[in-house]
Amino acid sequence: MVEQATLTSDLEAIVGTTDIAAQDELASFTVDGVTPSAAVHPENAEQVADLIRLANDRSVTIIPWGGGTEMHIGNLPSRYDVALNTVRLARMIEHEPANLTATCEAGMTIGSLQDSLAKAGQTAPFDPHVPRDATVGGLLATNASGAARHFYGTPRDFTIGMRLVTGDGLVTKAGGKVVKNVAGYDMCKLYIGSRGTLGVITEATFKLAPLPAASSDLAFRSRTARDASSFVMEIHGRGLSLRSVALLNAAAADSASRRDSKTYFLAIQFAGTTAGVKRSLNEARSLASESSLKLVPDLDSGDACASFFERGEGETIVRCSTISAETPSLMEAIEEIAPSAQIVATPLAGIVRARWTNTEVGPDSLAKVRECARRLDASLLIEDCPPDEKGRTDVFGPRPPSLPLLWQMKQQFDPGNVLSPGRYVDRI
Amino acid sequence: MAKTQIISDLQSAIGKKWVLYAPEDLLVYEYDATIERGLPEAVVLPNSAEQVAASVRIARRHNVPVTARGAGTGLSGGAIPCEGGVVLVTSRLNRILEVDAENRIAVVEPGVINLDISRAVDPHGLYYAPDPSSQKVCTIGGNVAENSGGPHCLRYGMTTNHVLGLEIVTAEGEIVSLGGKTDTAGYDLTGIVVGSEGTLAIVTKVIVRLLHKPESTITILAIFDEVDEASQAASAMIAGGVLPAALEMMDKNTMEAVEPFINAGYPPDAGAVLLIEVEGLEEDAREQSEQVQAVCKELSAREIRIGLSPEDRERLWAGRKGALGALGRLTPSYYILDGVVPRTRLPEVLRGIYDACDRHGFRVANVFHAGDGNLHPNVMFDEREPGVTERVLKLGEEIMRLCVDADGSITGEHGVGSEKRSYMSWIFSEDDMTAMKRLKLAFSATDGFNPGKVFPTSKGCGEVSSRMKAAIAKVGPDAYV
Ligand SMILES: Cc1cc2nc3c(=O)[nH]c(=O)nc-3n(C[C@H](O)[C@H](O)[C@H](O)COP(=O)(O)OP(=O)(O)OC[C@H]3O[C@@H](n4cnc5c(N)ncnc54)[C@H](O)[C@@H]3O)c2cc1C
C-alpha cells in the first residue's frame, strides 16, 4: 500500500494543490467498489507523463477517468490508487471547417465538442445518442457506438490522429491531421478500445461529417423481432437514408413510457438531403403498410436510440455482437431466458444490448445468456453485473485466439502494469 | 550450403513445383512499380495458410527473412526483398471462400484480386468499396498491407474501414485469427495489421465488409482556368456540407498529355479540371450535384459537364483514367509520388511543387485525389540520362518536405516501404517511433518479415530498377493512379 501523505504531496508537486480532489470527492471516482486514494486533474500531456512516471517509480496504479459514463465496464481492478481525471484537458485545439477535421483534448465532453462543431454545420461522427457528458477520451478508449453505427462506423473509423502517454510515460503522437495517412503503423487503432490499459489519451483529431441537411423520425410496432429486422434490412438494401435504427423489445419500449404494448418497437431516423429524407419516409411508410408493422404516429426516436447507453443500479447489462441476420434470434433467445430484460438492438450492426434488474431474474440468467450467445457465434461483453459475479468471470468472455499478442502489447506499452491493471481481457 | 538446404526444406513442405530458385525465375520477383529492386534467394507459392506457416517456420529456422508479395503493383517498394531471403507470393491463395450477401460480408484469401470481390458479389447488388486505381490486378493482401485507398475513399474510407477480421501467420509460424464477423474482445490487432506493410505478419485470410451499390451516381466534370480556383472549389464543396463520393483533380500538364489520346475535349488553355462523383438515392445525388455545380460556378468554372448514364460517366472519367497511359507515351519514365496535405493547403503546396520541378528541370503532371488532399505528382524523366534517377529522388524528397511543412504526411495511400523510411523522422519524434517499434516487438522479437521497410535504417534497399514500367503495364493500358 502506498503511504497516503507522501503520495498526495508527490502528486501535488506535479499538478499543484488545486488540481487534486478533496478527500470527500474521492467516492465519486469509485470503480467496481474500489475507491482510489487520490484523484488528480492534470492540465497537459507533460503532467500526465509525470504522473505516470511517478506511478512507475512508486508502484502506484492509475485509472484514467473521463466523463465516468462507462467506468463500470471492465473486470475488477486488481489495484486502484489514483484516478487521473481529464476534466482539465478539455480544450478545442483546432477546427477547420474546410478541412472537415477537428482536434481537441481528450477531456472535452461530446456535448461541448458537438456544440462547437455544429456552428459550422459539422459533427464528429460519434453516435449522435452517446451521453453528452461522456468525454472524447472515454469514447475512444471504449470505441463506443450505438444506433447509428452502420452509418458512421465506430470511433476507430474516423479518428485520424491521437496523442497518448504510454504506461511508462512516453508522450507519443499517432497519425496526424490529414484524412488519409499511411505513414507508419496505424497506432490509433491500437489505442482505440484499449480501455485505459496501454496509455492515457490526451488529444485526438477526427474526420468530421457534415450535419445532415434534414432528418426525420419514424416509429413502428411489430409483433416479432424478425419482422422488424427484415423491414430494416429491406429499407437499408434500398439505400434509404437510414441514420439510426433501434429495435426495442416490449419491456424496453414500455419502460421508455411507450405504453403497455407487448410489442417490439422500432425507431428509425432518416437523415440526408431534404428530398432524400422525404422519399425515405414515404417509401418506408408504404413498405411498412404492406408488412405486419404498424406505424406509431408522432414519435421521436431519440430516447429509443439513446437506450443503447442507459443503465440503472443493481442491473446486469450485456452487449452482444452478432451478424445482422441473427439479431432477432438473439433478442428472442435472451427474452426467453430473462423475460423482464429490456433489450435494444440495431439489426444493421448486429448489436444486441440487454439489461435486467438482478432481483427480477433467475440467478443463472447471465450464464444462460452467455451460453446462448456462444451457441449463436455472437460475442458478449458484460457491461455491468454484481461485483461478486465480476470476481468469478471475465466480463470480456472467452479468451480470444490472439491472447498472447494482447499480453505482449500490454508488456510493451505498460511494462510496470500501472494503468487500469486487471480491468481488461483476461484481466490484463 | 545453407541455400540448398532451405530450398529442399521448402520443396518438401509445399512441393517442388512451387519453389523457384533459378536466377531467371527469380528476376520476375525483384521489382514492383517503384524505382527500386532487390533479388530474392527463393520464391515460394504456397496454396494454404498451413503452407504459408510451414514456409515461415523454415525461413525462420534458416534465419532468412520472408517478404510477402501480391501482384507487385506497390508504389513504395513494399514487395521488394531488401535483404534477400524468401519471397512468398500469394497468387495461389486466390479463393473467395464465402459470400454472405445477407450480412454483407465476404471472406477471401489474400491473393484475390480487388475487383474480383466486387464482381463476385455484384449479382447481390453489393460491392467492395475501396477501389485503388490498380484494382484490376492488385490483391487484397497487398491492399491490407498498404491500407490502400482509391478515388472513392473520400466518402467510404480506406481499406482499414472495410476489413473486419484477418487470419495471419505470425513470425513464429503460427496461424492466428484476429477480429471477425462480429466484434471481438481485445486490442484491435486487425486495425494494426492493416497498413503494416507486411512487416508484422503474413495475411492468409481477409474478412471484408460489403456495401450496397448506390441507386444513382452522377459524375460532374468542371473545367477551371486556374489550379487555384479548382483547389478552392474542392475545399468549398466540403466546407459547404457536400461530401462527394470522389473528388479528383487533373492539372494542365496532365490534360495536355491526355488530350491527343483520349480526345476528351479539354480546352488547351484550361488550368485544371475537377472530376466529382456524387451518389446515393436519386434525390440525394441530384441535390448534391446541384450544390457541387453551384460551388464550381461560384469559383468561375468555365465549363461543367454532367454524366448521368454509365456511358457518359465513363467518358468523363476517361481522361482521368487514361492519364498514366498518356504520360507513358510522352516520357520514357515517370516517378509517381504520394503525399497528403490538409485540403485547404492544396493551392500553396501545388504551387510549391511546380516551383520545385521547374528548379530541378523536370516536367510534372498532377493527377490526384483532391478531396482528400492526397497529391500524386508524376515526375517525368528519361532514365537513360546519367544521374537522373538521383535527381528525381532528390526532387521527390523536396516535394515530401513541402507536404510535411504544410501539416501533411509523407504518404496517403502508397505506404512508406523502403522509399520513404528516412522521411519518417520528419513527422514522428523518436518517442513516436519507439511506440511503433514496441508494437512490432509485441508481434515478434525478430525482424523476420519484410525487413528494411517502414523504419529508418542506414542500409539502402537494393538497386535502382527500370522495370517499374513493366509493373505498371501489368495494370493494363488504362492504368491510372
Ligand atoms: C497504376 C497503379 C495505380 C495505383 N493506384 C493506387 C490507388 O489508387 N490507391 C492506392 O492505395 N494504391 C494504388 N497503387 C499502389 C498499389 O497498387 C497498392 O499499394 C496495392 O495495394 C498493392 O497490391 P499488390 O497486390 O500489388 O501488392 P504488392 O505490391 O505485391 O505488395 C505490397 C505490400 O503488401 C505486402 N503484402 C502483400 N500480400 C501480403 C499478405 N498476404 N500478407 C502480408 N503482406 C502482404 C507486401 O509485402 C508489400 O509490402 C497503384 C499502383 C499502380 C501501379
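A quick note: this is a predicted structure, and the numbers were derived from the prediction, not measured. (Residues numbered from 1 in each chain as written. Chains lettered and ligands numbered in written order. Predicted model: local features only at pLDDT ≥ 70, side-chain atom pairs only at ≥ 80, totals over all residues. Heavy atoms only, no water.)

Student: Can you walk me through the overall build of chain B in this structure?
Tutor: Within chain B one finds 17 helices and 22 strands. In terms of overall dimensions, chain B has C-alpha extents of about 70 × 60 × 45 Å along its principal axes. Counting only residues that meet the buried cut, chain B has 65% of its 481 residues in that class. Residue pairs in contact within chain B that sit at least 24 positions apart in sequence constitute 74% of those at least 6 positions apart. Total accessible area computed for chain B in this model is approximately 16,600 Å², and 50% of it derives from carbon and sulfur atoms. Chain B carries 47 positive and 66 negative side-chain charges, and their two centres are separated by 5 Å. (Helix = DSSP H or I, 4+ residues; strand = E, 2+ residues; numbered from the N terminus. Buried < 20%, exposed > 50% of the residue type's maximum accessible area, 1.4 Å probe, protein only. Contact = heavy atoms within 4.5 Å. Areas by Shrake-Rupley, 256 points an atom, 1.4 Å probe, with all protein chains shown as cover. Lys, Arg positive; Asp, Glu negative; His and termini not counted. Charge placed at Lys NZ, Arg CZ, Asp CG, Glu CD.)

Student: In this structure, what is going on with the interface of chain B and chain A? I would like to understand it.
Tutor: Interfaces are frequently sized by the accessible area removed from exposure as the parts join. Between chain B and chain A, the contact holds 79 residues from the first and 71 residues from the second. Taking both sides of the interface into account, the surface hidden between chain B and chain A amounts to around 6,100 Å²; carbon and sulfur atoms contribute 57%. Those elements that place two or more of their residues in the side of chain B that touches chain A are strand 10 (175-179), helix 7 (189-193), helix 8 (227-239), helix 10 (282-298), helix 15 (424-427) and helix 16 (430-443) of chain B. Counting residues per element, the side of chain B that touches chain A draws most heavily on helix 16 of chain B, at 11 residues. Classifying every residue of the side of chain B that touches chain A gives 30 nonpolar, 28 polar and 21 charged. (Buried area = accessible area lost by both parts, 1.4 Å probe. Nonpolar A, V, L, I, M, F, W, Y, C, P; charged D, E, K, R; others polar.)

Student: Whenever I open this one, the packing of aromatic side chains confuses me. Can you help?
Tutor: When we look at a pair of aromatic rings, we describe it by the centre distance and by the angle of the planes. This model, assessed by the stated rule, comprises 12 aromatic pairs over all chains. Centroid distance Tyr185 of chain A to Phe455 of chain B: 5.6 Å. Interplanar angle 75°. Geometry classified as edge-to-face. One end of the pair, Tyr185 of chain A, is in the loop between strand 8 (171-175) and helix 7 (187-191); the other, Phe455 of chain B, is in the loop between helix 16 and strand 22 (463-464), on a second chain. With respect to burial, Tyr185 of chain A and Phe455 of chain B carry one shared label: buried. Members of the aromatic cluster, each reached through a chain of ring pairs, are Phe126, Phe158 and Phe206 of chain A. Its guanidinium or amino end placed over the ring of Trp18 of chain B, Arg92 of chain B lies 3.5 Å from that ring's centre, counting from NZ or CZ. Above the plane of the ring of Phe261 of chain B lies Arg329 of chain B, whose end atom (NZ or CZ) is 4.0 Å from the centre. (Phe/Tyr/Trp six-rings, centres within 6.5 Å; stacked < 30°, edge-to-face > 60°. Lys NZ or Arg CZ within 6 Å of the ring centre and 35° of its normal.)

Student: In this structure, what is going on with helix 12 (residues 323-330) of chain B? I would like to understand it.
Tutor: One turn of an α-helix holds 3.6 residues; hence residues three or four places apart share an orientation. When helix 12 of chain B is considered as a whole, its buried residues turn out to be Ala323, Leu324, Ala326 and Leu327 of chain B. Angular distribution of buried residues about the axis of helix 12 of chain B spans 160°; they occupy a single face of the element. (Arc of directions from axis to C-beta.)

Student: I'm lost on the domain arrangement of chain A in this one. Help?
Tutor: Residues and elements named next belong to chain A. Assigned domains within chain A: domain 1 (1-211 + 398-428), domain 2 (212-308) and domain 3 (311-392). Placing a centre on the C-alpha atoms of domain 1 and another on those of domain 2 gives a separation of 34 Å. Contact with domain 1, which involves 10 residues of that partner, is made by 12 residues of domain 2. Of the roughly 900 Å² buried between domain 1 and domain 2 on both sides combined, carbon and sulfur atoms contribute 60%. Among the residues of domain 1 in contact with domain 2, His129, Ala147 and His150 are the three that bury the most area, contributing 53% of the side total. The interface formed by domain 1 and domain 2 holds 0 salt bridges in total. At the boundary of domain 1 with domain 2, the tally comes to 5 residue pairs in polar contact (both at pLDDT 80 or more). Classifying every residue of the side of domain 1 that touches domain 2 gives 7 nonpolar, 3 polar and no charged. (Domains from an automatic or database assignment. Salt bridge = Lys/Arg side-chain N within 4 Å of Asp/Glu carboxyl O. Polar contact = N/O pair within 3.5 Å; in protein donor to acceptor, adjacent residues only side chain to side chain.)

Student: Could you clarify how one ought to interpret the sheet that holds strand 4 (residues 92-96) of chain A in this entry?
Tutor: Sheet strands associate in pairs through backbone hydrogen bonding, adopting either a parallel or an antiparallel arrangement. Residue and element names in this part refer to chain A. Taken in spatial order, the 5 strands make up an open sheet running 4-5-9-7-8, and their pairing is antiparallel. Taken across any chain shown, the strands that pair with only one partner, and hence form the sheet edges, are strand 4 and strand 8. In this sheet, neighbouring strand axes are inclined to one another by 15° on average, regardless of whether the strands run parallel or antiparallel. The pairing of strand 4 with strand 5 (residues 101-105) spans 4 bridges and is antiparallel. Paired with Glu94 across the bridge in strand 5 is Thr103. (Pairing = 2+ DSSP bridges. Axes fitted to C-alpha atoms, helices over the stretch in contact; angles between N-to-C directions.)

Student: Would you mind showing me how to read helix 13 (residues 346-360) of chain B here?
Tutor: Between the first and last C-alpha of helix 13 of chain B there are 21 Å, a value that for 15 residues agrees with the 21 Å anticipated at 1.5 Å per step. On the buried face of helix 13 of chain B, the contacting elements are helix 8, strand 14 (246-251), strand 19 (363-368), strand 20 (374-375), strand 21 (377-381) and helix 14 (388-405) of chain B. (Expected span 1.5 Å × (residues − 1).)

Student: I'm lost on the pattern of salt bridges in this one. Help?
Tutor: Close approach of charged atoms lets side chains of opposite charge pair. On inspection of all chains with the given rule, the structure shows 57 salt bridges over all chains. Arg279 of chain A is the partner of Glu283 of chain A in a salt bridge, and the nearest nitrogen-oxygen pair spans 2.7 Å. You can see Glu283 of chain A and its partner Arg279 of chain A sitting in helix 10 (residues 274-289), 4 residues apart, about one turn around the helix. A residue is classified by how much of its surface remains accessible, and Glu283 of chain A, at 18% relative accessible area, is buried. Among the ionic pairs, Asp228 of chain B bridges to Arg351 of chain B, the shortest N-O distance being 2.6 Å. Of this pair, Asp228 of chain B sits in helix 8 while Arg351 of chain B sits in helix 13, and the two are 123 residues apart along the sequence. On the accessibility criterion, Arg351 of chain B (45% relative accessible area) is partly exposed. Because the salt bridges share partners, they merge into one network encompassing Glu234, Arg238, Arg279 and Glu283 of chain A together with Glu215 and Glu283 of chain B.

Student: Explain the sheet that holds strand 1 (residues 19-20) of chain B here, please?
Tutor: All names here are of chain B. Reading across the sheet, the 4 strands line up as 1-3-5-4 and stay open at both edges, with mixed pairing between neighbours. Pairing within the sheet leaves two strands with one partner each, and these edge strands are strand 1 and strand 4 (66-69). Taken together, the 3 bridges between strand 3 (residues 42-44) and strand 5 (residues 86-89) define a ladder with parallel strand orientation. Its bridge partner lying in strand 5, Val43 is registered against Val87. Strands strand 3, strand 4 and strand 5 of the sheet are contacted by helix 3 (residues 49-61), whose axis makes an angle of about 175° with strand 5.

Student: Explain the site of the ligand to me, please; I cannot follow it from the model alone.
Tutor: Residues and elements named next belong to chain B. If you check the shell around the ligand, you find 40 residues, and the closest are Ala68, Gly70, Thr73, Ser134 and Thr139. One nitrogen or oxygen atom from the main chain of Gly74 is found 2.8 Å from an oxygen atom belonging to the ligand. At 2.5 Å, a side-chain N or O of Ser134 approaches an oxygen atom of the ligand. Taken by itself the ligand offers 980 Å² of open surface, and the protein chains cover 100% of this. The element contributing the most residues to the shell around the ligand is helix 5 (residues 140-146), with 5 residues. Its residues placed into classes, the shell around the ligand shows 18 nonpolar, 18 polar and 4 charged. (Near = heavy atom within 4 Å.)

Student: Help me understand a nonpolar patch on the surface, please; the structure alone is not making it clear to me.
Tutor: Residue and element names in this part refer to chain B. Side chains of Leu27, Val28 and Leu39 sit close together on the surface and give an oily, nonpolar patch of about 230 Å² of accessible area. Here Leu39 is to be found in the loop between strand 2 (36-37) and strand 3. Leu39 gets classed as partly exposed once you look at its relative accessible area, which sits at 42%. (Patch = residues over 30% accessible without salt bridge, like charges linked within 9 Å, V, L, I, M, F, W, Y side chains within 5 Å.)

Student: Looking at this structure, how should I read unusual backbone geometry?
Tutor: A negative phi angle characterises most non-glycine residues, just as the trans form characterises most peptide bonds. All names here are of chain B. Positive phi, normally seen in glycine, also occurs at Asn147, with a value near 50°. Topologically, Asn147 is positioned in the loop between helix 5 and helix 6 (153-156). For Asn147, a relative accessible area of 7% puts it in the buried group. Notably, Val454 is not glycine yet its phi reads approximately 65°, a positive angle. By the secondary structure assignment, Val454 is in the loop between helix 16 and strand 22.

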